[in-house]
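Understanding the architecture of this molecule
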There are 2 protein chains.
Amino acid sequence: MSLLRLLLGEKKKSASVAKERLQLIIARERSGNEGPAPDYLPALQAELIAVISKYAKVSSDDIKLNLEKQGNFEVLEVKIEIPQG
Amino acid sequence: MSLLRLLLGEKKKSASVAKERLQLIIARERSGNEGPAPDYLPALQAELIAVISKYAKVSSDDIKLNLEKQGNFEVLEVKIEIPQG
């Protein structure tokens, strides 16, 4: 299933589309054969949101974060609703 | 299907896991009732890669880009292979 169809499918459920939405997903797969690599995802996430705020008016109330970890794999999801006008 | 399972599924197919991999997905859904909004995804993508380069040694040869557009929806996918050591 393409990412677009997965993300688009999610979108259809949302009632009205009065806002612009931005979804940022960072998936990291460690190779597993090196020692404990630095966990830079939290710092990376903060900087990425700062970059996005340059392009769209974003307030912290409009940001939802979700972090999933499984083995060498971690996925950080950032959902941002951008008020219009 | 959760994003982790979708992305993890993709990962299993890759032969050996000798490198660290980072996947960045930016999905933007415009509300559609405002005029042509500025297309800031290309500029945003360049800045996000610059931020990632602060955390991991990344060369342009290791970066694969994919942009999908459908109606008010666009998904930008950035796949980065990070050489170890």
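Let us look at the structure shown here. (Residues numbered from 1 in each chain as written. Chains lettered and ligands numbered in written order. Predicted model: local features only at pLDDT ≥ 70, side-chain atom pairs only at ≥ 80, totals over all residues. Heavy atoms only, no water.)

**A look at the environment of E20 of chain A**
Using the following cut-off: Numbering of helices and strands starts at the N terminus; helices are DSSP runs of H or I of at least 4 residues and strands are runs of E of at least 2. Polar contact is the term for a pair of N or O atoms within 3.5 Å; when the atoms are in protein, one must be able to donate a hydrogen and the other to accept it, and sequence-neighboring residues count only if both atoms are side-chain atoms.
Within the fold, E20 of chain A resides in strand β1 (residues 20-29). Residues E20 of chain A and I82 of chain A, spaced 62 residues apart in sequence, show a C-alpha to C-alpha distance of 5.1 Å. Polar side-chain contacts of E20 of chain A include one of 2.4 Å to the side chain of R28 of chain B.

**Points about the packing of helix α2 (residues 41-55) of chain A against helix α2 (residues 41-55) of chain B**
For any two helices packed against each other, one specifies the crossing angle of their axes together with the interaxial distance. Where we set the bar: Note on geometry: axes are C-alpha line fits, over the in-contact stretch for helices, and angles between N-to-C directions span 0 to 180 degrees. Here roughly perpendicular refers to angles of 65 to 115 degrees, roughly parallel to angles under 35, roughly antiparallel to angles over 145, and oblique to all remaining angles. Handedness of a crossing follows from how the near helix is turned relative to the far one, being left-handed for an anticlockwise turn of less than a right angle and right-handed for a clockwise one. It only takes one pair of heavy atoms within 4.5 Å for two residues to be counted as in contact. Note on residue categories: nonpolar means Ala, Val, Leu, Ile, Met, Phe, Trp, Tyr, Cys or Pro, charged means Asp, Glu, Lys or Arg, and polar means any other residue, Gly included.
Two elements in contact, α2 of chain A and α2 of chain B, have axes whose closest approach is 10 Å; the angle formed by their N-to-C orientations is 155 degrees. On the basis of the axis angle, α2 of chain A is roughly antiparallel to α2 of chain B. Crossing hand, α2 of chain A versus α2 of chain B: right-handed. On the side of α2 of chain A, the interface is formed by A43, L44, E47, L48, V51, I52, K54 and Y55 of chain A, while α2 of chain B contributes A43, L44, E47, L48, V51, I52, K54 and Y55 of chain B. Across the contact of α2 of chain A with α2 of chain B, the residue classes break down as twelve nonpolar, no polar and four charged.

**Remarks on the pattern of salt bridges**
Selection rule: Put simply, a salt bridge is a Lys or Arg side-chain nitrogen that is within 4 Å of an Asp or Glu carboxyl oxygen.
Applying the stated criterion across every chain, the model contains 16 salt bridges over all chains. Connected through salt bridges with shared partners, the residues E20 of chain A together with R28, R30, K69 and E74 of chain B form a single ionic network.

**Side note on the pairing of strand β2 (residues 63-70) of chain A**
Residues and elements named next belong to chain A. Inclusion rule: Whether two strands pair comes down to DSSP finding at least two bridges between them.
In the sheet, β2 pairs with strand β3 (residues 73-82) via eight bridges, with the strands oriented antiparallel. By the bridge assignment, I63 is partnered in β3 with I80. As consecutive antiparallel partners, β2 and β3 are separated by two residues, and within that stretch G71 has a phi angle of approximately 60 degrees, a positive value.

**Focus on the sheet that holds β1 of chain A**
Taken in spatial order, the six strands of this open sheet run β2(A)-β3(A)-β1(A)-β1(B)-β3(B)-β2(B), and their pairing is antiparallel. The two strands at the open ends of the sheet, each matched to only one other strand, are β2 of chain A together with β2 (63-70) of chain B. The average undirected angle you get between the axes of adjacent strands in this sheet is 10 degrees. The sheet contact formed by strand β1 (residues 20-29) of chain B and strand β3 (residues 73-82) of chain B spans ten bridges and is antiparallel. When the bridges of β3 of chain B are listed, E20 of chain B appears paired with I82 of chain B. Along the sheet face, α2 of chain B touches β1 of chain A together with β1, β2 and β3 of chain B and points at about 155 degrees away from the line of β1 of chain B.

**Let's talk about the environment of D62 of chain B**
All names here are of chain B. We count it as follows: Relative accessibility thresholds used throughout: buried, under 20% of the residue-type maximum; exposed, over 50%; partly exposed, between the two (1.4 Å probe, protein chains only).
By the secondary structure assignment, D62 is in the loop between α2 and β2. D62 gets classed as buried once you look at its relative accessible area, which sits at 18%. Sequence-wise, D62 and I80 are 18 residues apart; in three dimensions their C-alpha atoms are separated by 5.5 Å. Discounting chain neighbours no more than four positions away, the residues touching D62 are K79, I80, E81 and P83.

**Section: α2 of chain B**
For clarity, the cut-off: Expected helix span is given by 1.5 Å per residue-to-residue step, counting one fewer step than there are residues. The arc refers to the directions leading from the helix axis to the C-beta atoms.
For α2 of chain B, with 15 residues, the first-to-last C-alpha span of 21 Å sits near the 21 Å given by 1.5 Å per residue. For α2 of chain B, the full list of buried residues reads L41, L44, Q45, L48, I49, V51 and I52 of chain B. Projected onto a plane normal to the axis of α2 of chain B, the buried residues spread over an arc of 160 degrees and lie on a single side. For α2 of chain B, the elements touching its buried residues are β1 and α2 of chain A together with β1, β2 and β3 of chain B.

**What about the side chain of R30 of chain B?**
Residue and element names in this part refer to chain B. The topology assignment puts R30 in the loop between β1 and α2. Accessibility expressed as a relative area gives 19% for R30, which makes it buried. Polar side-chain contacts of R30 include one of 3.1 Å to the side chain of E74.

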